[in-house]
Amino acid sequence: QVQLVESGGGLVQAGGSLRLSCAASGRTFSSYAMGWFRQAPGKEREFVAAISGSGSNTNYADSVKGRFTISRDNAKNTVYLQMNSLKPEDTAVYYCAASRGFYVSVSSYGSWGQGTQVTVSS
């Protein structure tokens, strides 16, 4: 398994931007697809974005398409989530996760970070 640590969350006004980072341990980072998920209070954890191990393939939830961008730097063992045009409904705890395959389901990811809070005020 890989250990993951997220950072970059915070409080931002609607329309603003944040960039989340997720640092991974280990020397096999490029062999993992990485995903970002989020969980709002009282709701289930949901898929936000995923990127393949090489970075050549990405996938996004419809709710964030055109606003969020996932990227990775395999030399730095880090995956990013650039979030623009933020909305109050984006408020949630954001988690990064690692998987051996390029998936969108929560159950397909075996390693998770501790999460970082993103709060968007109206």
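Remember, it's a predicted structure, so these values are computed and weren't measured experimentally.

So what exactly am I meant to see when it comes to the state of the cysteines here?
Disulfides are covalent bonds that connect the sulfur atoms of two cysteines. What the rule picks out here adds up to one disulfide. With a sulfur-sulfur separation of 1.9 Å, Cys-22 is cross-linked through a disulfide to Cys-96. In this structure the cystine formed by Cys-22 and Cys-96 twists about its S-S bond by roughly 50 degrees; its chirality is therefore right-handed. Separated by 74 residues along the polypeptide, Cys-22 in strand E3 (residues 18–24) and Cys-96 in strand E9 (residues 92–99) bring together distant segments of the chain. Here Cys-22 and Cys-96 have matching classes, each one buried.

Is there a simple way to think about the packing of aromatic side chains in this case?
Within a pair of aromatic rings, the relevant descriptors are the distance that separates the centres and the angle that separates the planes. Tallied over the entire structure, the rule returns five aromatic pairs. Between the aromatic rings of Tyr-95 and Trp-112, the centroid separation amounts to 6.4 Å while the plane-to-plane angle is 80 degrees, which identifies the pairing as edge-to-face. Taken as a pair, Tyr-95 in strand E9 and Trp-112 in strand E10 (residues 111–112) lie far apart in primary sequence, 17 residues in all. Relative accessible area serves as the criterion here: at 13%, Tyr-95 is assigned to the buried category. The side chain of Arg-45 reaches across the aromatic face of Trp-112, ending 4.8 Å from its centre.

Definitions and limits used
Residues numbered from 1 in each chain as written. Predicted model: local features only at pLDDT ≥ 70, side-chain atom pairs only at ≥ 80, totals over all residues. Heavy atoms only, no water. Disulfide = S-S within 2.5 Å. Helix = DSSP H or I, 4+ residues; strand = E, 2+ residues; numbered from the N terminus. Buried < 20%, exposed > 50% of the residue type's maximum accessible area, 1.4 Å probe, protein only. Phe/Tyr/Trp six-rings, centres within 6.5 Å; stacked < 30°, edge-to-face > 60°. Lys NZ or Arg CZ within 6 Å of the ring centre and 35° of its normal.

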